[in-house]
Protein chains: 2
Amino acid sequence: MASLEGFPQLTGSVLTDPDVMAAYAVDHCSPVHGAVPLAVVLAETTEDVAAAAAWCYAHDVVIVPRGAGSGLAGGASAIEGCVIISLAKMNAVKEINVADQYAIAEAGVINADLDRAVRAHGLMYPPDPSSFEICSIGGNVATNAGGLRCVMYGVTREYVLGLTVVLPDGRIIRTGRRTVKGVTGYDLTQLLVGSEGTLGIVTEVTVKLRPAPVVPPTTVAASFPDVVSAAAAVAAVVGTGVVPALMELMDRRTLECVEALRPFGLEDETRAMLIGQGSTPADAAVLAREFDAAGAHYTVVSDDPVEAAELLAVRRAAFHAYEHAGNIFSEDVGVPRSQLPEMFARIEAISAKYGVDIPTCAHAGDGNLHPTLIYPKGEREVPQAIWDAADEVFQAALALGGTLTGEHGVGVLKARWVGEELSEDVLELHRGIKAVWDPKNLLNPGRGF
Amino acid sequence: MASLEGFPQLTGSVLTDPDVMAAYAVDHCSPVHGAVPLAVVLAETTEDVAAAAAWCYAHDVVIVPRGAGSGLAGGASAIEGCVIISLAKMNAVKEINVADQYAIAEAGVINADLDRAVRAHGLMYPPDPSSFEICSIGGNVATNAGGLRCVMYGVTREYVLGLTVVLPDGRIIRTGRRTVKGVTGYDLTQLLVGSEGTLGIVTEVTVKLRPAPVVPPTTVAASFPDVVSAAAAVAAVVGTGVVPALMELMDRRTLECVEALRPFGLEDETRAMLIGQGSTPADAAVLAREFDAAGAHYTVVSDDPVEAAELLAVRRAAFHAYEHAGNIFSEDVGVPRSQLPEMFARIEAISAKYGVDIPTCAHAGDGNLHPTLIYPKGEREVPQAIWDAADEVFQAALALGGTLTGEHGVGVLKARWVGEELSEDVLELHRGIKAVWDPKNLLNPGRGF
């Protein structure tokens, strides 16, 4: 193993204790076990990141950039002998420009903290991954994270105006701008969004903000006799032309997992639940009408923000509840929204075929599903039946005109399937672009595509 | 000059008559005079484009891809001895998927035709450049075109889900997807948007659609005693948190140019005009209130779509009116919206300093201005005073935190200024990316950055 000889003095700290480093070697993707890093850098400035990168470049040491470690595809897990550069300590919101509706946040700022900071000025930062209380803006950029509100407001990509980026050799560049529009040159900002730390290390993010709604949305929750009719309700809402502020679907097994962790009174007849929001009471009434028409047992409409938060807490607890139930293999497929009922039907069939528990929740308004394959906590390696069932779920999504990953990224977990979605010519372009940015292939090698 | 020996048989036609080709050698950028092409290909299929590109690749012949030729930066003008590949005949809307709210359009489809086609299904295609009746979707993608409605709905980039692209050697690739979300691999789609035909030739575009508003927007027009107070009104509206459906500003000289072309009753006291739209009457009332508070002479509010169309026709006529007034050097700077009053003040000062007529209109809600420097029609070459004044306008925008081009692209006209906005390290990445896609530098060389 290489030594840290000549490693630069940083404002931040450098960890080398194996027990301490172990916590930085994995993310929330249970199937991917991190290897042993050489060191963990807790960077405090962009210059820290640049100095650490330059040292790694000179010594041919692999770098794994890391935000909050909440990723679900293993993209932030350690590679043997790498230097992990953690952005977690770079958590300052450096500017909130109210007049021009943008903010500049260091990469380690927690998503919900940024939103709270700008809400104080009547603004909002819309993209809200389910993990918004623990995930960081830099990680959101790395994966082009989605979230619950994205059905109305769009994903991370649509809010990133500019970036400060450290290149693998330690040079610092700035991409993008602070203006609403701008087309000078190639859009390197957009190329970096979703690149999973393979092209550069994002240290600061300039994000577009929106005015926060003055009136809170109206929430509609409904219980369904089966998941396919709930999915059909989603497609029906899309067809009305109303854009919901949020539309989340949970199947029976998801509800049972949440009930086991934090009981909320799950009823026997409820085989699926939809939670929608309309930005106006009229929009919410349309949601309620379509939910009823699709066969809901009952529909609850509420304009009380506290009650809405309680209903959404059930949804936001889903992932944690899955982790409680076992080791998890988290999928993230997307399908055209009209294919949601068919996709849910196929997941049920695959679950039965392999005898694998696959609770599924969905950002249904976006056609983005999280089928989550659960295997016993005792099993360190992913059982073959899980791989086989996961493969069939992916293939089903592709066959329905969908995608391998809607918002989690490829990471390590899904790398084997990328060639099913991207052609060899497209992958050749990927390798070329990677070589331009990272000629020594030191930055999160093997991840992202 | 090279011959066309061995040029493939196409479904479309190949033009070589110099007089006929002359019409394809220029776009709407008067300062850029097209050179003489070898041939013009009127492609009818993606395979036509691929075959023509493969021949050019084998013979080291430069390609200039061309949409409707409505570009304002010279990006579609001919290069000596090039083959122009026109997408104008590829103008079919191949699919409108109502359930999943997307459409697939060939690159030559006219923007407004696409919008009309989907409106028949209750949907809309939001990005609407002022030239929407003559510009094509492929050209919109090449420049990441903006438009009037973009202040509420966003620019072209936010509506492009996937592309069919011919690489310089004739290979055909598909990027992106039909789903709302998707993060598999690098976002080549987003890299291609705004790349001005330098990386690949876009032949088909999958676009995201939105439900069309059921209630037409309410229009608010106001006359101001000076352009700076009108610009201040824009900043004030942004500060209210209301997102206007549209907010356009015209200075006195713009109004005079339009009045000369198609009289609409311009009054002496009107030194600037703002046209805004609110998606609800309540939003429109906020616009009217802020316009009044900023010192408007009078404010007209109308919910009549015919009257709204007439008011907007004044704005949409601006560019044609500029062309009527002389040869034009069209700028396209963007500034943070709070800097709009200062930017307008600087343009007035630069106009006076150089004695150059610079009528300016603006997608004011986006901070995107079109200062248009006019010089006599008799002058074939751009006078030095125009270059000098244009340079000062660009420098002013950069100094205010802005950008060289908000939506028109760099093309040929602005190439000299790119290095003022992008660093050498960033430009090095541009050159690297260009070389990956176009190793022989045959595709619109020298344009875009």
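In short, a report on the structure. What you are looking at is a predicted structure, and each value in this text was computed from that prediction instead of being measured.

Definitions and limits used
Residues numbered from 1 in each chain as written. Chains lettered and ligands numbered in written order. Predicted model: local features only at pLDDT ≥ 70, side-chain atom pairs only at ≥ 80, totals over all residues. Heavy atoms only, no water. Salt bridge = Lys/Arg side-chain N within 4 Å of Asp/Glu carboxyl O. Helix = DSSP H or I, 4+ residues; strand = E, 2+ residues; numbered from the N terminus. Buried < 20%, exposed > 50% of the residue type's maximum accessible area, 1.4 Å probe, protein only. Least-squares fit on C-alpha atoms with pLDDT ≥ 70 in both. Contact = heavy atoms within 4.5 Å. Phe/Tyr/Trp six-rings, centres within 6.5 Å; stacked < 30°, edge-to-face > 60°. Lys NZ or Arg CZ within 6 Å of the ring centre and 35° of its normal. Disulfide = S-S within 2.5 Å. Pairing = 2+ DSSP bridges. Axes fitted to C-alpha atoms, helices over the stretch in contact; angles between N-to-C directions.

### A word on the pattern of salt bridges
Residue and element names in this part refer to chain B.
Here is step 1 of the chain: Scanning all chains against the criterion turns up 48 salt bridges over all chains.
Here is step 2 of the chain: Ionic pairing is found between Asp 115 and Arg 149, a salt bridge with its closest N-O pair at 3.5 Å. Placement of Asp 115 in helix α3 (residues 111-119) and of Arg 149 in the loop between α4 (137-143) and α5 (150-153) is noted, with a sequence separation of 34 residues between them. Considered together, Asp 115 and Arg 149 belong to a single accessibility category, that of buried residues.
Here is step 3 of the chain: Note that Arg 116 and Glu 133 form a salt bridge whose closest N and O atoms lie 2.9 Å from each other. Note that Arg 116 is positioned in helix α3 and Glu 133 in the loop between β7 (123-124) and α4, a separation of 17 residues in sequence.

### Here's the deal with the relation of the copies chain B and chain A
Here is step 1 of the chain: Mapping chain B onto chain A is achieved by rotating through 180° and translating by 0.0 Å along the same axis, at an RMSD of 0.0 Å. Overall, the copies show the geometry of a two-fold rotation axis.
Here is step 2 of the chain: The share of interface residues of chain B whose copies in chain A are also at the interface is 100%, consistent with both copies meeting through the same surface.

### Let's talk about the packing of aromatic side chains
Here is step 1 of the chain: Tallying each qualifying case throughout the model produces 16 aromatic pairs over all chains.
Here is step 2 of the chain: With a centroid separation of 5.2 Å and 80° between ring planes, the pair formed by Phe 329 of chain A and Trp 387 of chain A is classed as edge-to-face. On the criterion of sequence distance, the pair formed by Phe 329 of chain A in strand β16 (residues 327-330) and Trp 387 of chain A in helix α13 (residues 384-399) is long-range, its members being 58 residues apart. Take Phe 329 of chain A and Trp 387 of chain A: they sit in the same class, and that class is buried.
Here is step 3 of the chain: Within the aromatic cluster, the residues linked to one another by ring pairs are Phe 329, Trp 387, Phe 394 and Trp 417 of chain A.
Here is step 4 of the chain: Between Lys 208 of chain B and the ring centre of Tyr 159 of chain B, over which it is positioned, the NZ or CZ distance is 5.7 Å.

### Digging into the state of the cysteines
Here is step 1 of the chain: Counted under the stated rule, the structure contains 0 disulfides over all chains.
Here is step 2 of the chain: The closest cysteine sulfur to the non-disulfide-bonded Cys 82 of chain A is located on Cys 56 of chain A, 8.7 Å from its own sulfur.
Here is step 3 of the chain: Residue Cys 82 of chain A is classed as buried on the basis of its relative accessible area of 0%.
Here is step 4 of the chain: The cysteine Cys 135 of chain B is free of any disulfide, with Cys 150 of chain B supplying the nearest cysteine sulfur at 11 Å.

### Focus: the sheet that holds β16 of chain A
Residues and elements named next belong to chain A.
Here is step 1 of the chain: Reading across from one edge, β15-β12-β14-β13-β17-β18-β16 is the order of the 7 strands in this open sheet, with antiparallel pairing throughout. The open sheet terminates on both sides in strands that have one partner only, identified here as β15 (298-302) and β16. Taken over all neighbouring pairs, the strand axes of this sheet differ in orientation by 15° on average, direction set aside.
Here is step 2 of the chain: Across the sheet, helix α7 (residues 227-240) is in contact with β12 (218-224), β13 (246-251) and β14 (272-278); its angle to β13 comes to roughly 170°.
Here is step 3 of the chain: Its contacts with the sheet place α13 against β16 and β18 (368-375), and it is angled at close to 170° to β18.

### Some details on the pairing of strand β6 (residues 102-106) of chain B
Residue and element names in this part refer to chain B.
Here is step 1 of the chain: The element β6 is largely enclosed, with a buried count of 5 among its 5 residues.
Here is step 2 of the chain: The alternating pattern of β6 places Tyr 102, Ile 104 and Glu 106 on one face and Ala 103 and Ala 105 on the opposite face, and all of these are buried.
Here is step 3 of the chain: Between strand β5 (residues 93-97) and β6, which pair antiparallel and follow one another directly, the connecting turn spans 4 residues, one of which, Gln 101, has a positive phi of 55°.
Here is step 4 of the chain: Of the strand pairs in this sheet, β6 and strand β10 (residues 201-208) are connected by 5 bridges, and their pairing is antiparallel. Bridged to Ala 103 within β10 is Val 207.

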